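# A structural walkthrough
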Amino acid sequence: MSIHDRRIPCDEDAFTGLELIVVIAVFMGGALILLVFMSGGETAGGPRTFPEGTVAESAYASGDNLQPVGSMYGFSAVSRKLGNTDVRFEHPDPGKLGAVRMAVSLFMGSTGAIDMDRVDVIWTSRGSDEQIRQTLSRPLICPNWTIAGKYNMLPGRTADSDNWLEPGEQFEVLVCPSTSVQPYGVFTLIVHPDGSAMPLRLTRTVPAGIRPVMDLK
């Protein structure tokens, strides 16, 4: 066998090794891209940021959504105490709906949380939208919205002392717009959490006869 013939296997082995290195490099590059994509990556404005704390991070990662619990109740636009919350109307009108109250929770099986201090509450009626501001002060002076009660709180959980809505918990939301709604009027209440969660939209029709308390269907 000539010297030239003995070099052929060596050349073939070198070429095969180069191919193997290229394949490994391509595989590692693809895995790195997939890892960055799944972790959220970076936006044009810089790295994606989260509020501090594991509860906040789980809220953005899970994309949990709100759901109503039970009925939505409507109240005539008359200043009085609704449950544990005093409500004040600048322009009271017993013949119109002035406020609504409902309980919200996360979907069953949710593992994250929603920061209720960062939700957008929008009231839509007669073709116009009004963003309702949150208030923590009492009495509740309309237009505003507030968390009127918290239920099913888990003992020993530090997050239960704040306004993070966690799995199994229920928050009672009390909302009053700047303009009361007349009988047969239609309105939509939108609660839009921050992040990836879908907005909760509830459309109701005001009954023909305005009463102090109404079960809105």
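These remarks concern the structure in this document. Position numbers for residues start from 1 in each chain and track the written sequence from start to end. Residues qualify for local features only when their pLDDT is at least 70, as the model is predicted, and side-chain atom pairs are given and counted only at 80 or more; totals for whole chains, interfaces and linings, by contrast, use all residues. To get the side-chain values, take all heavy atoms of the structure and skip hydrogens and water.

Further remarks concern the sheet that holds strand E11 (residues 144–151). Pairing between strands is defined by DSSP: at least two bridges between them are needed. Strands here mean DSSP runs of E at least two residues long; helices mean DSSP runs of H or I at least four residues long; both are numbered from the N terminus. The strand order E11-E13-E6-E3-E16 describes an open sheet built from five strands, whose pairing is antiparallel. The open sheet has two edge strands with one neighbour each: E11 and strand E16 (213–216). Along the sheet, successive strands turn relative to each other by an average axial angle of 25 degrees, direction set aside. Relative to strand E13 (residues 170–176), E11 runs antiparallel, the two being bridged by seven bridges. Directly across from Tyr151, in E13, lies its bridge partner Gln170. Between N-to-C directions, angles span 0 to 180 degrees; the directions come from axes that are lines fitted to C-alpha atoms, helices contributing only their stretch in contact.

Put simply, a nonpolar core is a bunch of buried Ala, Val, Leu, Ile, Met, Phe, Trp, Tyr and Cys residues held in one set by side-chain atoms that sit within 4.5 Å of each other. Any residue under 20% of the maximum accessible area for its type is buried, any over 50% is exposed, and the rest in between are partly exposed; the area is computed with a 1.4 Å probe on protein chains only. Judged by nonpolar contacts, the single largest core of 30 residues is most densely connected at Leu66, Leu97, Val100, Val104, Met116, Trp123 and Val175. Counting residues per element, the ones that place at least two in this core are strand E3 (66–77), strand E6 (93–106), strand E8 (120–125), E11, E13, strand E14 (186–192), strand E15 (200–205) and E16. Contacts are assigned to residue pairs with any non-hydrogen atoms lying within 4.5 Å of each other. Excluding anything up to four places from it in sequence, Val100 contacts Met72, Tyr73, Gly74, Phe75, Trp123, Val173, Leu174, Val175, Phe187, Leu189 and Leu216.

A few words on unusual backbone geometry. For the peptide bond that leads from Arg138 to Pro139, omega is 5 degrees, which places it in the cis range. Checked against the element boundaries, Pro139 lands in the loop between strand E9 (128–132) and strand E10 (140–141). The omega angle of the peptide bond from Cys142 to Pro143 is 5 degrees, so this bond is cis rather than trans. Within the secondary structure, Pro143 sits in the loop between E10 and E11. The phi angle at Arg126 is positive, at roughly 55 degrees, despite the residue not being glycine. Mapping Arg126 onto the fold places it in the loop between E8 and E9. Take Arg126: its relative accessible area is 75%, and that puts it in the exposed class. The phi torsion at Tyr184 lies on the positive side, around 70 degrees, for a residue other than glycine. Look at Tyr184 and you get exposed, because its relative accessible area is 63%.

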